[in-house]
Amino acid sequence: MCREVDLQQAVLAKNDATAHSLRAGLTARGTTVVNLLSSPGSGKTELLERELGRARERGVPVAALTADLATENDAVRLARSGAPVKQVLTDGLCHLEAGMLGRHIDDWLPDGTRILFVENVGNLVCPASYDLGETLRVVLASVTEGEDKPLKYPTAFGLAQLVVVTKTDLAQAVGFDEAAFRAHVQQVNPGVDVVLTAARRGEGVGTLLDRALAAGEGAPVHTPVMARQHPSHQHTYTDQDHRTHGGQHTHSHTHTGVHTHTHPDVGTHDHPHTGPHAHAHPDEPLVVTTAPASAAQHRP
């Protein structure tokens, strides 16, 4: 058990070091990274598509990288905004890591990009443990998911620097208790802002863009209590004008370095992070990248 814990800490310490380097490099380029976390079906792709469209209308250079286990569906949707979009297929891996993000944007991210939105894999467990070098971490939850979501996923919500409620146009139909949700958010992350959105109505669209631009320009970013309790994992971001703003966060590390997953149909297998394979689409702003299926090492 001690060896396993040591491996976990070593893997995550390496990720944090990579994230620190990635953050510094992107900051030097004038790019602010926004890490979007949510459960599947929260409506973050719908909201992100509209945020990208709003950015294009305002002349703000933005890009998006979206991660899924399979399909290019989200990238195709996001590309309708006209913004540069890259799809990453994780071949079963439940989250992105800083090294993966760095490799995928290395030869792709357009020069002059002010905001890079990263739509993480739909999952509120694994992604919460990995710093991607972001300046702003946002957790989204739809009204259909219930008011106790923050209590069920305290690490994800506890490390959020902004919480976004989606699909509020359905709140009355599903009996969503906004006051209870806000209270539960504050229970795990005192002081964090909660904003309401209904993307299909256009309500709240532009909020993420405004928050990201402000953070990139040096505006204070919420520092979760959970981050303050673990100063070794706090991060300070400096923009091109060398203005420092708090955007510190830490992670509750609970996953091994090789990411072992058990499935009833194929048994247990590990997913090492090797050999990305890129597919370029020269006529579109969409690029799809996936790890080859052979990267999964199966064992009985």
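What counts, and where the lines are drawn
- Residues numbered from 1 in each chain as written.
- Predicted model: local features only at pLDDT ≥ 70, side-chain atom pairs only at ≥ 80, totals over all residues.
- Heavy atoms only, no water.
- Helix = DSSP H or I, 4+ residues; strand = E, 2+ residues; numbered from the N terminus.
- Polar contact = N/O pair within 3.5 Å; in protein donor to acceptor, adjacent residues only side chain to side chain.
- Contact = heavy atoms within 4.5 Å.
- Buried < 20%, exposed > 50% of the residue type's maximum accessible area, 1.4 Å probe, protein only.
- Pairing = 2+ DSSP bridges.
- Right-handed = clockwise from strand over helix to strand, strands pointing away.
- Phe/Tyr/Trp six-rings, centres within 6.5 Å; stacked < 30°, edge-to-face > 60°.
- pLDDT = per-residue confidence, 0-100.
- Core = buried A, V, L, I, M, F, W, Y, C linked by side-chain atoms within 4.5 Å.
- Salt bridge = Lys/Arg side-chain N within 4 Å of Asp/Glu carboxyl O.

A. Structural view of the side chain of Asn123. Mapping Asn123 onto the fold places it in the loop between β4 (115–119) and β5 (136–142). A polar contact of 3.3 Å, which involves the side chain of Asn123, links it to the backbone oxygen of Cys94. Not counting residues within four places of it along the chain, the set of residues in contact with Asn123 comprises Ser38, Ser39, Pro40 and Cys94.

B. Region of interest: the pairing of strand β6 (residues 162–166). Judged by how many residues are buried, β6 sits mostly within the fold: five of five residues are covered. Across the two faces of β6 the burial is the same, with Leu162, Val164 and Thr166 and Val163 and Val165 all buried. Relative to β6, β5 is paired through five bridges, and the arrangement is parallel. Opposite Val139, over in β6, you have Val163 as the bridge partner. Bridge count between β6 and strand β7 (residues 194–196): three bridges; the pairing is parallel. Bridging from a neighbouring strand, Val164 pairs with Val195 of β7.

C. Here's a closer look at the pairing of strand β2 (residues 62–68). In terms of residue burial, β2 counts as a mostly covered element, since seven of its seven residues are buried. On β2, burial covers both faces: Val62, Ala64, Thr66 and Asp68 on one face and Ala63, Leu65 and Ala67 on the other are all buried. In this sheet, β4 lies alongside β2 in parallel orientation, the contact comprising five bridges. Residue Ala63 lies in a different strand from β4, and its bridge partner there is Leu116. Alignment of β2 against strand β3 (residues 85–89), held across five bridges, turns out to be parallel. What sits directly across from Ala67, in β3, is Val88. Note that the unit made of β2, helix α3 (residues 73–79) and β3 has a crossover that is right-handed.

D. Summary view of the packing of aromatic side chains. One pass over the full model with this rule turns up two aromatic pairs. Between Phe157 and Phe181, the aromatic rings sit 6.4 Å apart at their centres with planes inclined by 80 degrees, giving edge-to-face as the arrangement. Placement of the pair is Phe157 in helix α6 (residues 154–158) and Phe181 in helix α8 (residues 178–188), with a sequence separation of 24 residues. Exposure class is identical for Phe157 and Phe181. Each is buried. A ring pair is formed by Phe176 and Phe181, whose centres lie 5.7 Å apart and whose planes are at 50 degrees; its orientation type is tilted.

E. Fine view of the confidence of the model for the protein. Residues with a pLDDT of 70 or more make up 75% of the protein, whose mean pLDDT is 82. Scored below 50 in pLDDT, residues 236–285 shows 159 contacts in the model against residues more than four places distant or in partner chains. Considering only residues more than four positions removed or in separate chains, one finds that residues 289–300, a stretch of pLDDT under 50, has 36 contacts.

F. Expanded view of the nonpolar core. Core analysis: the largest hydrophobic core is formed by 30 residues, its most contacted members being Val62, Phe117 and Val138. Going through the elements one at a time, β1 (32–38), α2 (44–57), β2, α3, β4, β5, β6 and α9 (207–216) are the ones with two or more residues in this core. Top contributing element to this core by residue count: α9, with five residues. Excluding its chain neighbours within four sequence positions, the residues that come into contact with Phe117 are Val34, Leu36, Leu48, Leu52, Val62, Ala63, Ala64, Leu65, Leu208 and Leu209.

G. Geometry of the side chain of Asn189. As for its position among the elements, Asn189 is in the loop between α8 and β7. Ignoring any residue separated from it by four or fewer positions in sequence, one finds Asn189 in contact with Phe157, Gly158, Leu159, Ala160, His222, Pro224 and Val225.

H. Structural detail: the pattern of salt bridges. Per the stated rule, a full pass over the model turns up 15 salt bridges. Its salt-bridge partner being Glu57, residue Arg54 comes within 3.6 Å of it at the nearest N-O pair. Of the two residues, Arg54 and Glu57 are both situated in helix α2; the distance of three residues between them amounts to about one turn of the helix. Note on Arg54: relative accessible area 28%, which makes it partly exposed. With a relative accessible area of 65%, Glu57 lands in the exposed category. Across the salt bridge formed by Arg137 and Glu134, the nearest N and O atoms sit 2.9 Å from each other.

I. Fine view of unusual backbone geometry. Of note in this structure, Asp91 is not a glycine but carries a positive phi near 55 degrees. Structurally, Asp91 is set in the loop between β3 and α4 (98–105). Residue Asp91 is classed as partly exposed on the basis of its relative accessible area, which comes to 22%. The backbone of Lys167 sits at a positive phi, close to 60 degrees, despite the residue not being glycine. In this fold, Lys167 is placed in the loop between β6 and α7 (171–174).

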